[in-house]
Protein chains: 4
Amino acid sequence: MLVSFDFQSDIPLYMQLRNQVVIGIAQGKLLPGEQLPTIRALAEESGINMMTVSKAYQLLKQEGYILTDRRSGTVVAPRQKGVISEETIHGLRVLLSELQVSGLSEKEVLTVCRKLYQEGTK
Amino acid sequence: MLVSFDFQSDIPLYMQLRNQVVIGIAQGKLLPGEQLPTIRALAEESGINMMTVSKAYQLLKQEGYILTDRRSGTVVAPRQKGVISEETIHGLRVLLSELQVSGLSEKEVLTVCRKLYQEGTK
Amino acid sequence: MLVSFDFQSDIPLYMQLRNQVVIGIAQGKLLPGEQLPTIRALAEESGINMMTVSKAYQLLKQEGYILTDRRSGTVVAPRQKGVISEETIHGLRVLLSELQVSGLSEKEVLTVCRKLYQEGTK
Amino acid sequence: MLVSFDFQSDIPLYMQLRNQVVIGIAQGKLLPGEQLPTIRALAEESGINMMTVSKAYQLLKQEGYILTDRRSGTVVAPRQKGVISEETIHGLRVLLSELQVSGLSEKEVLTVCRKLYQEGTK
DNA sequence: GTGGTCTAGACCACA
DNA sequence: GTGGTCTAGACCACG
């Protein structure tokens, strides 16, 4: 699991990190129970501030993606059926609208989504 | 075409407006050539500032969703096959990962996407 | 001499008209003494407001490109060595800087300028 | 890098600032990677509003001249061959036509352009 | 009456 | 301390 950052992006660094962890879990690169790097380690190796890493970890914890284990530090949470947040659905609605307005048919859009989902299964 | 804002959301107002216009175009509630409310009118009826509306309009213009005719104000741009931006794909990858980690199967995810796309066709 | 307008441009219509007349004179499509269409005629055939045409004509007159002849209406002024305005030089400096920053060498920039100048001699 | 504004000019302040930055980059007074003054600092020292500076910076960012690094603020973008915009060429055509109508020969015009380009190389 | 520009403040998210 | 966002006004260019 490698993390990388685009310092010019308009997405905050802590959110970029959070997104990479979520994608990593989906792709199976991060397995339930697997230990995440310590805040200090991750901050040092990627050149970002410890507070930024901390903020990302806190968010991920709150969203249920990771949890703090007393013995082994921060680990990936066991998979469990979670609720789909309203924000996720709303974000999806916006992005799918963008694709639709760009001229993609329903079939084409579903093909894109299937491809992206399967990327997640790799 | 009605607009509404969530003043508690962490999504900036101008982006909320931009998103509603994009969704409106996808849903056919805003037709190509149709005139959008003037900046002042929209600002007044929705209780947000003129410059905030202006910012949203400028973003939409830059993205090719609308254009301002020097004679007739701001109108919805004619539909044309556009390029899919890298950001759209990246955002989609993140959201689909969230769904996947929440335990949704490929089939279920595609069902959600189809439903949302068809909402756009209404 | 045909005029055409881009109603979506950020250049005002009266300035677009003014520019087309200047280019037309440079290209020899408008000869000294040649009569320009009346304000009303030009406005009607091109679908813009009479006030807009009037504003362009007034600007062109003030800049010495055209003059009002008592007998024949508005005509192209006789060519004469004019002063180069400070704004022209400043505008040129900005545009040449843009080309330079885009990576064009002095030779390439001069080639572009020569080509554009010779277009004017057609 | 000093900035100065002509408050009587009909060129908007944000555009005057944008132009000065472009010229500064061309002249090598602003080097790739060099940090630009913060929005607040520039606004204060030049007596214009923060939002006006912000608007100029956003335009420059969009045009690829500068970029904002989430850690180190706003810096000059690394030079790279860019595309020449259609507007630049059109603007050049207008200005060269003005020179031509003023009576400058091709040789004289190219001399002017060479001089201005080399000013940029200083 | 339209959009564009600008001001002088304020608050917040980010790092 | 940085840029991003927002407000409530104002003035102007354009058509």
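Here is what the cut-offs are and how they apply
Residues numbered from 1 in each chain as written. Chains lettered and ligands numbered in written order. Predicted model: local features only at pLDDT ≥ 70, side-chain atom pairs only at ≥ 80, totals over all residues. Heavy atoms only, no water. Least-squares fit on C-alpha atoms with pLDDT ≥ 70 in both. Contact = heavy atoms within 4.5 Å. Near = heavy atom within 4 Å. Polar contact = N/O pair within 3.5 Å; in protein donor to acceptor, adjacent residues only side chain to side chain. Helix = DSSP H or I, 4+ residues; strand = E, 2+ residues; numbered from the N terminus. Nonpolar A, V, L, I, M, F, W, Y, C, P; charged D, E, K, R; others polar. Axes fitted to C-alpha atoms, helices over the stretch in contact; angles between N-to-C directions. Parallel < 35°, antiparallel > 145°, perpendicular 65-115°, else oblique. Left-handed = near helix turned anticlockwise from the far one by under 90°. Salt bridge = Lys/Arg side-chain N within 4 Å of Asp/Glu carboxyl O. Buried < 20%, exposed > 50% of the residue type's maximum accessible area, 1.4 Å probe, protein only.

Participant: What is the right way to read the relation of the copies chain B and chain A from this model?
Facilitator: A rotation about an axis combined with a shift along that same axis relates the two copies of the chain. In the superposition of chain B on chain A (RMSD 0.3 Å, axial shift 0.0 Å), the rotation amounts to 180 degrees. Considering both components of the superposition, the chain copies are consistent with a two-fold axis. In this assembly, 100% of the residues forming the interface of chain B have copies in chain A that are likewise at the interface, indicating an isologous arrangement.

Participant: Just checking my understanding: could you explain the protein's contact with DNA strand F for this structure?
Facilitator: If you check the shell around DNA strand F, you find 22 residues, and the closest are B:Leu13, B:Asn49, B:Thr52, D:Arg40 and D:Met51. Considering the 4 Å shell around the protein, atoms of DNA strand F inside it are sugar or phosphate in 69% of instances. For DNA strand F, a phosphate oxygen lies 2.7 Å from a polar atom in the side chain of B:Thr52. Of all the secondary-structure elements, those providing two or more residues to the surface near DNA strand F are α1 (13–26) and α3 (50–62) of chain B, α1 (13–26) and α3 (50–62) of chain C together with α2 (39–46) and α3 (50–62) of chain D. Residue composition of the surface near DNA strand F, by class: 11 nonpolar, 5 polar and 6 charged.

Participant: Hey, could you run me through the packing of α1(C) against helix α4 (residues 86–101) of chain D in this one?
Facilitator: Relative orientation and spacing of two packed helices are given, respectively, by the angle between their axes and the distance between those axes. Relative orientation of the contacting elements α1(C) and α4(D) amounts to 55 degrees, with a least axis distance of 8 Å. Regarding the angle of α1(C) to α4(D), the classification is oblique. Taken as a pair, α1(C) and α4(D) cross one another with a handedness that is left-handed. Between α1(C) and α4(D), the residues in contact are C:Arg18, C:Asn19, C:Val22, C:Ile23, C:Ile25 and C:Ala26 and D:His90, D:Arg93, D:Val94, D:Ser97, D:Glu98, D:Gln100 and D:Val101, respectively. Within the contact of α1(C) with α4(D), the residues separate by chemical class into 6 nonpolar, 4 polar and 3 charged.

Participant: How should I be thinking about the pattern of salt bridges in this particular structure?
Facilitator: Pairing is possible between side chains that carry opposite charge, provided their charged atoms lie close to one another. The tally for this structure, following the rule as stated, stands at 20 salt bridges over all chains. Note that C:Glu98 and D:Arg18 form a salt bridge whose closest N and O atoms lie 2.9 Å from each other. Residue C:Glu98 is located in helix α4 (residues 86–101), and its partner D:Arg18 is located in helix α1 (residues 13–26); the two belong to separate chains. The pair C:Glu98 / D:Arg18 is uniform in exposure class, with both members buried. In this structure, D:Glu63 and D:Arg18 form a salt bridge, with 2.9 Å as the shortest nitrogen-oxygen distance. One end of the pair, D:Glu63, is in the loop between α3 and β1 (66–69); the other, D:Arg18, is in helix α1, with 45 residues separating them in the sequence. For D:Glu63, a relative accessible area of 35% corresponds to the partly exposed category. When its relative accessible area of 5% is taken as the criterion, D:Arg18 is described as buried.

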